[in-house]
Each structure stands twice: as structure tokens, then as C-alpha cells.
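Descriptive structure summary
Single-letter residue listing:
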Amino acid sequence: MDLHSLKELVAIDSPSGFTHKAAEYIFNKLTEYGCSPTMTNKGAVKCAFSSNPTLGIAGHIDTLGAVVKEINSDGTLRISKVGGLSLNACEGAYCKIYTLDDHIYTGTFLLDNPAIHVNKALTKPERTTENMHVRLDELVDCTQDVERLGIAVGDFICFEVKYEELPSGFIRSRFMDNKAGCFVLLELAKELAGKDVPVELFFSNYEEVGHGAATGFADSLEELLVIDMGVVGDGCTGKETHCSICAKDSSGPYDYLMRKTLTLLAQKNSIPHKVDVYPYYGSDGSAALRAGCNFRVGLIGPGVSASHGTERTHKQGIKATIDLCMAYIGYRFV
């Protein structure tokens with residue numbers, strides 16, 4: 001399995017609200033595969049393989065990030081989080097600041113007074129947006145210095161991804177949630193290109209802030225299969241080498257018959273899988289159901305460790321998710 005497109009996609013900064021470059025990449029990839037993608041008015045990418053698709057398969061291209069909230073008097077930046085960003089996991093991370101005139105500046109996200117040699121209480125404070133800042137890699141000492149660079153309130157701040165593929169098959173990087181799920185959809189597009197099958201792929205762009213898949217689907221959809229990260233952690237059985245099947249998350253249970261079918265197909269086809277309940281989780285499926293979409297929803301995805309931090313998944317978990325998607329398509333339409 002060639003992960004080149006995953007590496008390229010992860011490298012494209014795309015926090016919610018700043019996804020146009022990632023959407024363009026997805027659009028071009030689908031076109032390269034011989035598909036006919038379209039863009040919704042909201043900026044999501046969709047691709048149908050028949051005129052009246054009944055099964056949607058969705059993943060989200062948007063990630064966590066931040067925007068400039070305030071320019072401090074010493075030339076540092078306060079941030080406002082985009083999505084459920086873990087400040088602890090981002091402490092010390094390099095970042096980029098994108099200005100409205102298309103300049104990119106670099107910086108580091110730090111606790112205030114971050115030098116251990118002058119701050120004996122460095123490890124004690126809770127990390128909050130009020131006591132952390134971005135240190136710019138520019139000669140700035142005051143608010144006016146920063147403003148002269150063109151940096152302003154609202155500019156997007158994007159954190160380094162640190163992508164690595166390891167000989168063991170692990171992929172460690174920020175934003176496997178949900179760039180790994182988008183890679184699954186791209187692999188499905190390769191398989192389905194040129195075939196007449198009632199499937200629509202949907203790459204949403206506002207999932208991390210709660211309304212990604214609230215609209216934009218074909219009216220003919222009967223089911224939506226969401227591909228998002230599978231939780232790995234205490235109280236869950238999910239593994240990075242497996243495809244996770246979500247029975248319930250914080251928004252409630254997913255469609256029982258879809259979950260049952262997915263589980264039986266995984267068993268029948270010897271696809272490594274785990275079924276779990278996610279206590280602190282929502283998805284594009286949650287957004288679609290809250291918006292009143294009249295279709296059934298299921299949720300699966302490769303197991304991802306350290307969610308919303310420096311995440312890690314495995315080639316086997318990604319392959320298992322692709323295999324289960326193809327088994328479900330075969331069950332529905334062959």
C-alpha cells in the first residue's frame with residue numbers, strides 16, 4: 001500500500017475554516033483517478049459513481065488549529081483554538097502563521113515565561129490560552145512591529161505535523177484524525193473509478209467544529225458510512241492495527257443494523273476489528289443526524305493512538321478499514 005498521497009495530504013495545513021488547499025488537493029487527486037468530483041458551496045468535495053447514490057462514505061479533511069486572538073505588547077501572539085486542540089500536546093510545537101496577503105511566518109507555541117532557569121514553577125501551571133503564546137521567529141518587540149509584518153487578529157495558526165512512516169508499519173503524525181480516513185476514501189476512489197455503483201464519497205471540511213457533514217449530500221442517500229479515527233485508550237479495545245467499529249459515542253448510538261452488518265462482514269472476511277463505545281467523541285454522522293438528514297449512519301475507522309495529540313496509526317488498521325468498506329459496498333450492491 002503506497003502512502004504517498006497520505007503524506008502529501010498531511011503536509012497541507014487545513015484547520016477548520018482554512019481547508020481550501022486540502023480540498024483542491026483532494027479534487028485534483030480524484031480527477032487524476034478518472035473520477036468526476038464536484039465542490040459544494042460550503043467547500044466540501046464530493047464524488048458520485050452513479051446518478052442516484054444510496055450509500056455515502058464520508059471523511060473530514062479539516063484538522064485542529066488556532067487563529068490569532070491578540071497581539072501582545074511584547075510582540076508575541078495569543079491564540080484562540082480551532083476545535084478541541086490539546087494545549088499540552090502542542091506546547092513547544094513549531095507553527096506557521098498565514099496572513100491575509102499570503103505571507104507565511106513561523107513561530108513556536110510556548111508557556112509564558114518558558115525558561116526553566118528563571119521560572120522554578122514552570123511545570124505547575126495548567127496550560128490555557130491565557131498563559132501561552134506564539135513566539136514569532138521575527139525581530140519584533142511590540143505590537144506595532146508585528147502589525148507591520150501584516151499579521152492580524154484572525155490569521156490562521158497551523159501546527160507542525162512531524163509525519164513519519166516507520167519500518168514497523170506505524171505512521172506517527174499529527175492529524176491522523178482524519179487525514180488517515182481521507183486516505184481511505186482516496187483508495188476507495190481508485191477501486192470504484194469507472195464503475196457504475198451507487199456510492200458517493202464526501203470529504204467534509206468543518207467536522208472539528210461540529211457542522212462538517214450537516215448538508216451537501218445527494219438527496220437519494222439511504223445510508224452514510226463515516227470514516228473517522230478509532231479511539232485507542234483506557235476503556236476501549238481499539239488497536240492501531242485494527243479497524244474500529246463504533247457502537248455509540250457522546251451523541252448516541254449509531255444505526256444498529258449497519259453496525260451488525262459491518263461486524264458480521266469483518267468476522268466473515270477475517271478483517272481485524274474491534275467494536276467500541278467512545279465516551280468523548282462526535283463525528284460527521286452526529287452532525288448529519290442533528291441537521292435532520294434522513295439516512296442511517298454507521299461509523300468505522302483505523303485505530304489512532306493519542307488522539308488530538310501527536311497521533312499514531314498503522315498500515316494494517318488503514319488496510320482493514322479499506323477492506324471493510326469494500327466488503328460493505330460488495331454486500332450492498334453486488
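Source: prediction; values computed, not measured.

Cut-offs used in this document
Residues numbered from 1 in each chain as written. Predicted model: local features only at pLDDT ≥ 70, side-chain atom pairs only at ≥ 80, totals over all residues. Heavy atoms only, no water. Helix = DSSP H or I, 4+ residues; strand = E, 2+ residues; numbered from the N terminus. Rg over C-alpha atoms; globule rule 2.2 N^0.38 Å. Buried < 20%, exposed > 50% of the residue type's maximum accessible area, 1.4 Å probe, protein only. Areas by Shrake-Rupley, 256 points an atom, 1.4 Å probe, with all protein chains shown as cover. Lys, Arg positive; Asp, Glu negative; His and termini not counted. Charge placed at Lys NZ, Arg CZ, Asp CG, Glu CD. 1 Å grid on protein atoms, 1.4 Å probe; cavity = no way out; pocket = protein on both sides within 12 Å on 5 of 7 lines; lining within 4 Å. Points joined across faces, edges and corners; volume = space filled by probe spheres on them. Nonpolar A, V, L, I, M, F, W, Y, C, P; charged D, E, K, R; others polar. Pairing = 2+ DSSP bridges. Contact = heavy atoms within 4.5 Å. Axes fitted to C-alpha atoms, helices over the stretch in contact; angles between N-to-C directions. Expected span 1.5 Å × (residues − 1).

Topic: the overall build of the protein chain
- Helices and strands together make up the secondary structure of the protein chain, namely eight helices and 19 strands.
- For the protein chain, the C-alpha radius of gyration of 21 Å lies close to 20 Å, the compact-globule estimate for 334 residues.
- C-alpha atoms of the protein chain, sized along the principal axes, occupy 65 × 40 × 40 Å.
- Residue burial in the protein chain is summarised as follows: out of 334 residues, 56% are buried.
- Surface accessibility of the protein chain: about 14600 Å² in total, with carbon and sulfur atoms responsible for 50%.
- On the protein chain, the mean spot of the 32 positive side-chain charges and the mean spot of the 42 negative ones are 6 Å from each other.

Details of empty space enclosed by the protein
- Here the structure, examined in full by the defined rule, presents two cavities of 30 Å³ or more.
- Lining the largest cavity are Leu64, Leu85, Cys90, Arg174, Phe175, Asp177, Glu208, His308, Gly309 and Glu311.
- Residues that form the lining of the largest cavity fall into these classes: four nonpolar, two polar and four charged.
- In this structure, the second largest cavity encloses a volume near 30 Å³.
- Considering the residues around the second largest cavity, the lining is formed by Asp13, Ser14, Pro15, Thr63, Leu64, Cys158, Phe159 and Phe175.
- The class makeup of the residues in the lining of the second largest cavity is five nonpolar, two polar and one charged.

A short note on the sheet that holds strand S19 (residues 311-314)
- Taken in spatial order, the three strands of this open sheet run S10-S11-S19, and their pairing is antiparallel. Across the chains shown, the open sheet's two edge strands, defined by having one partner strand only, are strand S10 (164-165) and S19.
- Where strand S11 (residues 170-173) and S19 come together, four bridges link them in antiparallel fashion. By the bridge assignment for S19, Ile171 is matched with Thr313.
- Where helix H8 (residues 315-333) meets the sheet, it contacts S11 and S19, and its direction lies at approximately 65 degrees from that of S19.

A word on H8
- Under the 1.5 Å per step criterion, the end-to-end length of H8 is 27 Å for 19 residues, consistent within 8% with the ideal 27 Å.
- Gly317, Ile318, Ala320, Thr321, Ile322, Leu324, Cys325, Ala327, Tyr328 and Ile329 are the residues of H8 that are buried.

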